[in-house]
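Examining the three-dimensional arrangement
If you want the building blocks of each chain, they are given just below.
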Amino acid sequence: MVHTNIALASSSNGGQCKADGVICVCVCRRLGIGTALVRRAEEWCVARGAEHATMATTESNAASLALFTGRFGYAPFRRPEFIGHPVHAHRLPVARGHRVFQLPPEVAAAAYARLLPPQDAEFLPADMPALLAHKLTLGTFVAVAADGASFAVLSVWDSTRSLSLRVSGAPALLRASLAALRALDRGAPWLHLPSIPDIFRPFGAYLLYGLRLSVPDGTALLRSLCHHAHNVARKN
């Protein structure tokens, strides 16, 4: 299976087009279906005012890279890394002295406008206020220190409704071991065991975006925010 994402950047009128999940199963490869899908997606987004297109794929996905860089003329310009953290059965602590608040979408938009000036941000969505108010943005959270000298901010996007992942090919012993660890973590959360969710069945993820912080305590505050986001994800 080939899986790629195409993201169309926002246009001058503030609209944003995004197509997720261009998939070609093995039996349908080399029939021009992937090409037709990409062309139709681009036409659909251009008709809605998109001016730029980006796509993301893994470095090892030679078929996807060949399709976009060869046939469609896309040029590599970034090699981002996505880092993740499993959602444990137990809660993660927010540091003592750190206060976490949720900002209303309009306040979050004003804050990001000051923290992300256009000259300092690449591909900043023109419709940032709409993105922050979208139903899949679960909230924008800010953490402040007790003395008010530092802060950290991030927003949480629920991608579980649009993208599912699953790990396959794991040996039975590993599956059983992780299941036992999950059960123990649920039964004795005070042990703070590093359990891993059942990734062998379809699962989703929360995307943390718009991360910003200030010195001197911004790193510790951001850790508290990530712990808060983890605890929000536990409820999903």
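Keep in mind the model is a prediction, meaning the values are calculated, not measured. Counting from 1, residues in each chain are numbered in the order their sequence is written. Residues qualify for local features only when their pLDDT is at least 70, as the model is predicted, and side-chain atom pairs are given and counted only at 80 or more; totals for whole chains, interfaces and linings, by contrast, use all residues. Note: side-chain values were computed over all heavy atoms of the structure, leaving out hydrogens and water.

Let's talk about the pattern of salt bridges
For this document, the term salt bridge refers to a Lys or Arg side-chain nitrogen within 4 Å of an Asp or Glu carboxyl oxygen. In this structure the tally under the stated criterion is one salt bridge. Across the pair Arg 161 and Asp 158 runs a salt bridge whose closest N-O atoms are separated by 3.7 Å. Here's how the labels work: a residue is buried when its accessible area is under 20% of the maximum for its type, exposed when over 50%, partly exposed in between, all with a 1.4 Å probe on protein chains only. Owing to a relative accessible area of 59%, Arg 161 belongs among the exposed residues under this scheme.

As for the side chain of Asn 231
Tracing the sequence through the fold places Asn 231 in helix 6 (residues 218-233). The exposure class of Asn 231 is buried, given its relative accessible area of 3%. For Asn 231, the contacting residues outside a window of four places in its chain are Arg 91 and Leu 92. Helix numbers and strand numbers start at the N terminus; a helix is a DSSP run of H or I with at least 4 residues, a strand a run of E with at least 2. Note on contacts: a residue pair qualifies if any of its non-hydrogen atoms lie within 4.5 Å across the two residues.

Structural notes on the sheet that holds strand 7 (residues 206-213)
Pairing between strands requires that DSSP locate at least two bridges from one strand to the other. Reading across from one edge, 4-5-6-7 is the order of the four strands in this open sheet, with antiparallel pairing throughout. Across the chains shown, the open sheet's two edge strands, defined by having one partner strand only, are strand 4 (99-103) and strand 7. When the angles between neighbouring strand axes are averaged without regard to direction, this sheet yields 25 degrees. Bridging between strand 4 and strand 5 (residues 137-144) involves five bridges; their strand directions are antiparallel. Its bridge partner lying in strand 5, Arg 99 is registered against Val 144. Contacts from helix 3 (residues 105-115) reach strand 4, strand 5, strand 6 (151-158) and strand 7, with the element oriented near 120 degrees to strand 6. On top of the sheet, helix 6 reaches strand 4, strand 5, strand 6 and strand 7; it is set at about 25 degrees to strand 6, its chief contact. Note on geometry: axes are C-alpha line fits, over the in-contact stretch for helices, and angles between N-to-C directions span 0 to 180 degrees.

Focus: the nonpolar core
Within the largest apolar cluster, 13 residues are counted, with the highest numbers of intra-cluster contacts made by Tyr 112, Met 128, Leu 131, Leu 132, Trp 157 and Tyr 209. Sorting the residues of this core by element identifies helix 3, helix 4 (128-133) and strand 6 as the ones contributing at least two each. Leaving out residues up to four positions away in the same chain, Met 128 has contacts with Tyr 112 and Tyr 209. With 10 residues, the next largest nonpolar core counts Phe 141, Ala 143, Val 156 and Ala 229 among its residues. Nonpolar cores are built from buried Ala, Val, Leu, Ile, Met, Phe, Trp, Tyr and Cys residues. Side-chain atoms within 4.5 Å join them into one set.

Structural notes on the packing of aromatic side chains
Any pair of Phe, Tyr and Trp rings, taking the six-membered ring for Trp, is counted once the centres come within 6.5 Å. Such a pair is stacked with planes under 30 degrees apart, edge-to-face with planes over 60 apart, and tilted for the rest. Taken as a whole and assessed by the stated rule, the structure comprises two aromatic pairs. Taking 6.0 Å as the distance between ring centres and 40 degrees as the angle between the ring planes, the aromatic pair formed by Phe 68 and Phe 72 counts as tilted. For the pair formed by Phe 68 and Phe 72, the shared burial category is buried. Each ring, one from Phe 68 and one from Tyr 74, has its centre 5.1 Å from the other, and the planes form 85 degrees; the classification is edge-to-face. Judged by its relative accessible area of 0%, Phe 68 is buried.

Let's talk about the environment of Leu 165
Relative to the helices and strands, Leu 165 is located in the loop between strand 6 and helix 5 (172-187). Residues Leu 165 and Phe 200, 35 residues apart in the sequence, show an inter-C-alpha distance of 8.8 Å. Excluding residues that lie within four positions of it along the chain, Leu 165 makes contacts with Arg 201, Pro 202 and Phe 203.

Structural notes on unusual backbone geometry
Of note, the bond from Val 215 into Pro 216 is cis; its omega dihedral lies within 30 degrees of zero at 10 degrees. Mapped onto the elements of the fold, Pro 216 is located in the loop between strand 7 and helix 6. For His 192, which is not glycine, the phi torsion reads 55 degrees and is therefore positive. The residue His 192 is located in the loop between helix 5 and strand 7 in this model. With relative accessibility at 47%, the residue His 192 sits in the partly exposed group.

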